[in-house]
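Analysis of the macromolecular model
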Amino acid sequence: MQQIRRPGRYALLAGLLGLAAVPLAGCGGAEGGQPPAPDVVAPSEVVVESTEAEPEPTPSAAAAPDPCALVSRKEAEQLAGTGLDDAKPVRETCTYTGPVTGPTAQVEVFVGDGAKKFLDIERDLGHELRPLPGVGDEAYASHEAVFVHRAGQWVSVRLVRLNDPAENRAPLERVARTVAGRL
């Protein structure tokens, strides 16, 4: 089977820029009303150099703690009230899911901008957020999550269960205190 080779992102960009320049070439007014023939450059010959410097990581992003270290599997199981599968870390998140055999349970840990954005969305939606005095520099709890801010770092822990949310209040507050102590 023959493999199709696709041009890279920069080669495609160079090709599109070349197409955009063709109509402009006719505006020059060459003799006889004919536009000059454009120079043809193969996409593989085009070199695109970026003049922008790479953004430097923000101090909070550079010092972001491991979300799976903030809430262990055992602590996630205590929070969920059931056994959970191993952690699934992805960038600034860590997710513990219940086994496919049930019961439905999931614990999600977010660190950094994602945690703060989650809190901002909860506020925008008008969800009830209770302050948690004495937890970190600032902390809040909703019926399904806690949000902890300490030393310039935001962390949220979200619990998904099919139960009365009132049953989750004390376990969520305990995990908030644990997370604040680890930041």
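So, here's what we can say about the structure. Within every chain, residues take consecutive numbers counted from 1 along the sequence as written. With pLDDT at 70 or above as the cut-off, local features in this predicted model cover only qualifying residues; side-chain atom pairs require 80 or more to be listed or tallied, and sums for whole chains, interfaces and linings still use all residues. In computing side-chain properties, one takes all heavy atoms of the structure into account and sets aside hydrogens as well as water.

1. With respect to the overall build of the protein chain
Here is the rule: Secondary structure elements are taken from DSSP: a helix is a run of H or I of four residues or more, a strand is a run of E of two residues or more, and numbering for both begins at the N terminus. For every residue, the accessible area (1.4 Å probe, protein chains only) is compared with the maximum for its type, and the residue is labelled buried under 20%, exposed over 50%, or partly exposed between those bounds. Contacts are residue-level and defined by heavy atoms, with any inter-residue pair within 4.5 Å sufficient. Each accessible area is a Shrake-Rupley result for a 1.4 Å probe, and residues are judged covered by the shown protein chains and nothing else.
Within the protein chain, the secondary structure is distributed over 6 helices and 7 strands. Starting at the N terminus, the α and β elements of the protein chain follow one another as α-α-α-α-β-β-β-α-β-β-β-β-α. Looking at the protein chain residue by residue over its 183 residues, the buried ones come to 30%. Within the protein chain, contacts between residues separated by at least 24 positions form 50% of all contacts whose residues are at least 6 apart in sequence. Just so you have it, the protein chain exposes about 12,400 Å², and 54% of that area is on carbon and sulfur atoms.

2. Quick word on the state of the cysteines
Note the following rule: To count as a disulfide, a pair of cysteine sulfur atoms needs to be within 2.5 Å.
Using the criterion set out here, one finds 1 disulfide in the structure. Here cysteine 68 pairs with cysteine 94 through a disulfide, and the sulfurs are 2.1 Å apart. Here cysteine 68 and cysteine 94 share a disulfide; its torsion about the S-S bond, 105 degrees, makes the bridge right-handed. With a gap of 26 residues between them, cysteine 68 in helix α3 (residues 67–70) and cysteine 94 in strand β2 (residues 93–97) connect regions that are remote in the sequence. Across the pair, cysteine 94 and cysteine 68 agree in class, each one buried.

3. Focus on helix α6 (residues 169–182)
An α-helical turn contains 3.6 residues, so a residue and the one three or four places further along point in the same direction. Counted only if it meets this: A helix's residues, less one, multiplied by 1.5 Å, set its expected span.
Over its 14 residues, α6 runs 20 Å from end to end, which matches the ideal 20 Å to within 8%, given 1.5 Å per residue. Each element contacted by the buried residues of α6 is listed here: α3, α4 (73–80), β4 (130–131), β6 (145–150) and β7 (153–161).

4. As for the pattern of salt bridges
Two side chains bearing opposite charge may form a pair once their charged atoms approach each other closely. Here is the rule we go by: Salt bridge, as used here, is a side-chain nitrogen of Lys or Arg placed within 4 Å of a carboxyl oxygen of Asp or Glu.
Scanning all chains against the criterion turns up 8 salt bridges. Close ionic contact of aspartate 120 with lysine 116 constitutes a salt bridge, the shortest N to O distance being 2.7 Å. Highlighted residues: aspartate 120 and lysine 116, both in helix α5 (residues 113–124), separated by 4 residues, approximately one helical turn. Looking at lysine 116, the relative accessible area reads 27%, which means it is partly exposed. Counted as one network, the salt bridges with shared partners bring together Arg73, Glu77 and Asp86.

5. A closer look at the sheet that holds strand β3 (residues 105–111)
Stated formally: Two strands make a pair as long as DSSP finds a minimum of two bridges between them. Axis definition: a line fitted to C-alpha atoms, limited for helices to the stretch in contact. Angles are taken between N-to-C directions and run from 0 to 180 degrees.
The 7 strands lie next to each other as β1-β2-β3-β7-β6-β5-β4, forming an open sheet whose pairing is antiparallel. Bordering the open sheet on either side are β1 (88–90) and β4, each of which pairs with just one other strand. Of the strand pairs in this sheet, β1 and β2 are connected by 3 bridges, and their pairing is antiparallel. Within the sheet, the bridge partner assigned to valine 90 lies in β2 and is threonine 93. Those strands touched by α4 are β2, β3 and β7, and its axis lies near 50 degrees from that of β7.

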